Amino acid sequence: MKHTSNFMRTRRASAALLLCALVLLSARAQDQPPKEAGTFRAPDLVELVKLDKTIKLDIRYATENNFAGRAVYTEARAFLQRPAAEALLRVSRALRKKGYGLAVFDGYRPWSVTKLFWEITPADKKQFVADPAKGSRHNRGCAVDLTLYDLKTGREVSMPGEYDEMSERSHVNYAGGTPEQRRLRDLLRAAMEAEGFAPYEPEWWHYDFKDWRQYPILNLGFSEINGRQ
Ligand SMILES: [Zn+2]
């Protein structure tokens, strides 16, 4: 058709505008955490090192030394919801008697970082990252990634695999490595389980606090957290 009526032109323009709006809306929806039904406890994120000076931080995500190969946090800090943090303090106290401290790799993680991890992880390794459509227990402030350090040397212990290693060596029941490495992994697990943390089988370093379902998925940056401490 050579001539287009004004009416048709207007219709086409409206359709194009509508399409643009839909594309923008769906792009925005993908940048937001999933909406969840139900009631949740009010978030009460607290900074771990302010509660227990013996907790060491090894926040790899604030450095280039992580699987993303770049810093995804601007600050090396770790937070958990208060009941989870208090349980972790009890774990720390119990392990101190055995000569070990806790070295934390990560606690609360903003949802936007979970989304980034999902996007950069190949399909065959997705069991090591959370689906942003469901959110991560880290996003709820109820998951912690950690290891032990020796109180005498201050050095992190050697575990059967490395933190964030995407291999079978990360499994909590991996039978390889040295007996001492397995002993330390199992020592951490027993101490965490005694205080209400459940292991995540593919990752020896990851633990979920029992009350994670009670907290919403959050997307706050660390500097936006105002813990009462
Ligand atoms: Zn984790």
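Residues numbered from 1 in each chain as written. Predicted model: local features only at pLDDT ≥ 70, side-chain atom pairs only at ≥ 80, totals over all residues. Heavy atoms only, no water.

Peer 1: Summarise the overall build of the chain; cite the residues concerned and give the values.
Peer 2: Looking only at helices and strands, one finds five helices and seven strands in the chain. Reading the chain from its N terminus to its C terminus gives the helix and strand order α-β-α-β-β-α-β-α-β-α-β-β. Taking the contacts inside the chain whose residues are at least 6 apart along the sequence as the reference set, 75% of them involve residues at least 24 apart. Of the roughly 12500 Å² of accessible surface on the chain, 53% is carried by carbon and sulfur atoms. (Helix = DSSP H or I, 4+ residues; strand = E, 2+ residues; numbered from the N terminus. Contact = heavy atoms within 4.5 Å. Areas by Shrake-Rupley, 256 points an atom, 1.4 Å probe, with all protein chains shown as cover.)

Peer 1: With reference to specific residues and values, describe the layout of surface pockets.
Peer 2: Looking at the largest pocket, its volume works out to about 440 Å³. Along the walls of the largest pocket sit 25 residues, with V129, A130, S136, R137 and H206 positioned nearest its centre. Where the lining of the largest pocket is concerned, the elements lending two or more residues are helix 4 (111–120) and strand 7 (203–209). Residue contributions to the lining of the largest pocket peak at four residues, all from strand 7. (1 Å grid on protein atoms, 1.4 Å probe; cavity = no way out; pocket = protein on both sides within 12 Å on 5 of 7 lines; lining within 4 Å. Points joined across faces, edges and corners; volume = space filled by probe spheres on them.)

Peer 1: Can you lay out the nonpolar core for me, pointing to particular residues and giving the numbers?
Peer 2: Counting residues in each nonpolar core, the largest one holds 50 residues, and the members touching the most others are L88, V144, L146, L148, M192 and F197. Only strand 1 (45–47), strand 3 (79–81), helix 3 (82–96), strand 4 (100–106), helix 4, strand 5 (143–150), helix 5 (179–193) and strand 7 provide two or more residues apiece to this core. Tallying contributions element by element places helix 3 first for this core, with seven residues. When sequence neighbours within four positions are dropped, the list of residues in contact with V144 reads L80, L88, V104, D106, G107, H138, M192, F197, W205, H206 and Y207. (Core = buried A, V, L, I, M, F, W, Y, C linked by side-chain atoms within 4.5 Å. Buried < 20%, exposed > 50% of the residue type's maximum accessible area, 1.4 Å probe, protein only.)

Peer 1: How would you sum up the sheet that holds strand 5? Please name residues and give values.
Peer 2: The strand order across the open sheet formed by five strands is 2-4-5-7-6, and the pairing between neighbours is mixed. Among the strands making up the open sheet, the edge pair consists of strand 2 (56–57) and strand 6 (197–200). Pairing geometry for strand 6 and strand 7, over four bridges, is antiparallel. For F197, the partnering residue across the bridge sits in strand 7 and is F209. On top of the sheet, helix 3 reaches strand 4, strand 5, strand 6 and strand 7; it is set at about 145° to strand 4, its chief contact. (Pairing = 2+ DSSP bridges. Axes fitted to C-alpha atoms, helices over the stretch in contact; angles between N-to-C directions.)

Peer 1: Account for the packing of aromatic side chains, with residues named and values stated.
Peer 2: A ring pair, where both rings are aromatic, is described by two values, the distance of the centres and the angle of the planes. All chains considered together, the criterion is met by twelve aromatic pairs. On the basis of an interplanar angle of 55° and a centroid distance of 4.9 Å, the ring pair of Y61 and F117 is categorised as tilted. Taken as a pair, Y61 in the loop between strand 2 and strand 3 and F117 in helix 4 lie far apart in primary sequence, 56 residues in all. You can call F117 buried: its relative accessible area is 2%. Judged by centre distance (5.5 Å) and plane angle (85°), the rings of W204 and W205 are edge-to-face. The two residues W204 and W205 agree in class, both being buried. Grouping aromatic residues by their ring pairs yields a cluster made of Y61, F67, Y73, F79, F105, Y108, F117, Y163, W204, W205 and F222. (Phe/Tyr/Trp six-rings, centres within 6.5 Å; stacked < 30°, edge-to-face > 60°.)

Peer 1: Outline the coordination of the zinc ion, listing residues and values.
Peer 2: Between any two of four tetrahedral donors, the ideal angle at the metal is 109.5 degrees; between two of six octahedral donors, it is 90 or 180 degrees. With distances of 2.0 to 2.1 Å, the protein atoms coordinating the zinc ion are H138 (NE2), D145 (OD) and H206 (ND1). Judged by relative accessible area, which is 2%, H138 ranks as buried. (Donors = N, O, S within 2.8 Å, 3.2 Å for Na, K, Ca; no water.)

Peer 1: Lay out the pattern of salt bridges in plain terms, naming residues and giving numbers.
Peer 2: Side-chain pairing between opposite charges can occur once the charged atoms of the two side chains come close. Scanning all chains against the criterion turns up 19 salt bridges. A salt bridge links E47 to R77; the nearest nitrogen and oxygen atoms lie 2.9 Å apart. Placement of E47 in strand 1 and of R77 in the loop between strand 2 and strand 3 is noted, with a sequence separation of 30 residues between them. Here E47 matches R77 in class, with each residue buried. The network of salt bridges with shared partners includes E47, K50, E75 and R77. (Salt bridge = Lys/Arg side-chain N within 4 Å of Asp/Glu carboxyl O.)

Peer 1: Describe in detail the pairing of strand 6, supporting the description with residues and values.
Peer 2: Burial along strand 6 is one-sided: F197 and P199 are buried, while A198 and Y200, pointing the other way, are not. Count of turn residues in the strand 6/strand 7 antiparallel hairpin: two residues.

Peer 1: Lay out the packing of helix 3 against helix 5 in plain terms, naming residues and giving numbers.
Peer 2: Contact geometry for helix 3 and helix 5: axes closest at 9 Å, N-to-C directions at 135°. By the criterion of interaxial angle, the relationship of helix 3 to helix 5 is oblique. When the axes of helix 3 and helix 5 are compared, the crossing they make is right-handed. Facing helix 3, whose interface residues are L88, V91 and L95, helix 5 presents L187, A191 and M192. Split into classes, the residues belonging to the contact of helix 3 with helix 5 amount to six nonpolar, no polar and no charged. (Parallel < 35°, antiparallel > 145°, perpendicular 65-115°, else oblique. Left-handed = near helix turned anticlockwise from the far one by under 90°. Nonpolar A, V, L, I, M, F, W, Y, C, P; charged D, E, K, R; others polar.)

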